[in-house]
Amino acid sequence: MRIGELAGVVGVTTRAVRHYHHLGLLPEPERRANGYREYGLRHAVVLARIRRLTELGLGLAEVRDVLADDAGKDLVEVLTELDEDLARQEEALRERRARLRTLLDAEGGVPAEGPVSPELAALFAGTAHLSDSPMAAKDREIIAFLETAMPAGDRERLVSSVGEALGSPGALARAGEAYALLDALVDAEPDDPRVAEAARALADCIPTTLFPGAGELDPHDNVLRAFYDDLAPAQAEAVRRALRILTEERR
């Protein structure tokens, strides 16, 4: 058989056959006097085995191990490991699909900030009426970022604290007022007298459980610095003052 005939019989491409030669998986056949390779039944058997193993999900390095002299023992071991790996992948896929279904079925749909936990998505849905505020949109973005970046325990505390704050009487109205004050500072200077009012309003909206220790309000924190850089100067100053208020009140 010529290379094209061999590839056609086994159901692979001639390029794949040459690649297996290059990797040493398929022995090179003898060349006839006219220079053409002549493949025999043994080549077809080995090539068919390579195809079956790769279709099972084995990498070519694993296929090489299976094709070694002690192939019988290695094949059982490799296939067992492959089966266990596929089982783990199936479980991970089931968990991912369950999370996706929870997001898709959530009231209010997937938030603009992207996939977040179902608990945070529910909180965002409850504040959808504030989405016209640019500052509220930034706030939601930073909360979504923190939920992703924080360790699991801190993420739960974050969502719980935000939920507790938003669930208190008059919380949404206070948040709306604070966002309006901050939005009004977009073209102001840091020494604008309205900065103090906005800072006080913002501090009153931040739940006491969110920053239980003064050390967590480090002004040199990289996340805070990046957040400040994304704000107008007067807005950043209002946030700094709000955090200082929280630090002083919780000492």
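Remember, it's a predicted structure, so these values are computed and weren't measured experimentally.

**Q** Kindly report on the packing of aromatic side chains, identifying the contributing residues and their values.
**A** Here the structure, examined in full by the defined rule, presents zero aromatic pairs. Above the face of the Tyr36 ring, Arg2 is positioned so that its terminal group lies 4.2 Å from the ring centre. Directly above the ring of Tyr228 sits Arg240, whose terminal nitrogen or CZ lies 4.3 Å from the centroid.

**Q** Give a detailed account of the nonpolar core, specifying residues and quantitative values.
**A** Formed by 25 residues in total, the largest nonpolar core has its most connected members in Met135, Leu182, Leu185 and Val239. Where this core is concerned, the elements lending two or more residues are helix H7 (134-149), helix H9 (171-183), helix H10 (194-205), helix H11 (222-229) and helix H12 (233-249). In terms of residue count, the dominant contributor to this core is H12 (eight residues). With residues near it in sequence (within four places) discarded, Met135 still touches Tyr179, Leu182, Asp183, Phe227, Leu231, Gln235 and Val239.

**Q** Which residues make up the pattern of salt bridges, and what values do they have?
**A** Under the defined criterion, the tally for this structure stands at 10 salt bridges. Note that Arg200 is salt-bridged to Asp204, the shortest N-O span being 2.7 Å. Note that Arg200 and Asp204 are positioned in helix H10 at a spacing of four residues, about one turn of the helix. Among the residues examined, Arg200 registers a relative accessible area of 31% and is labelled partly exposed. A cluster of three or more residues bridged by salt bridges with shared partners is formed by Glu237, Arg240, Arg241 and Arg244.

What counts and how
- Residues numbered from 1 in each chain as written.
- Predicted model: local features only at pLDDT ≥ 70, side-chain atom pairs only at ≥ 80, totals over all residues.
- Heavy atoms only, no water.
- Phe/Tyr/Trp six-rings, centres within 6.5 Å; stacked < 30°, edge-to-face > 60°.
- Lys NZ or Arg CZ within 6 Å of the ring centre and 35° of its normal.
- Core = buried A, V, L, I, M, F, W, Y, C linked by side-chain atoms within 4.5 Å.
- Buried < 20%, exposed > 50% of the residue type's maximum accessible area, 1.4 Å probe, protein only.
- Helix = DSSP H or I, 4+ residues; strand = E, 2+ residues; numbered from the N terminus.
- Contact = heavy atoms within 4.5 Å.
- Salt bridge = Lys/Arg side-chain N within 4 Å of Asp/Glu carboxyl O.

Function cannot be inferred from these measures alone, as they are strictly geometric.
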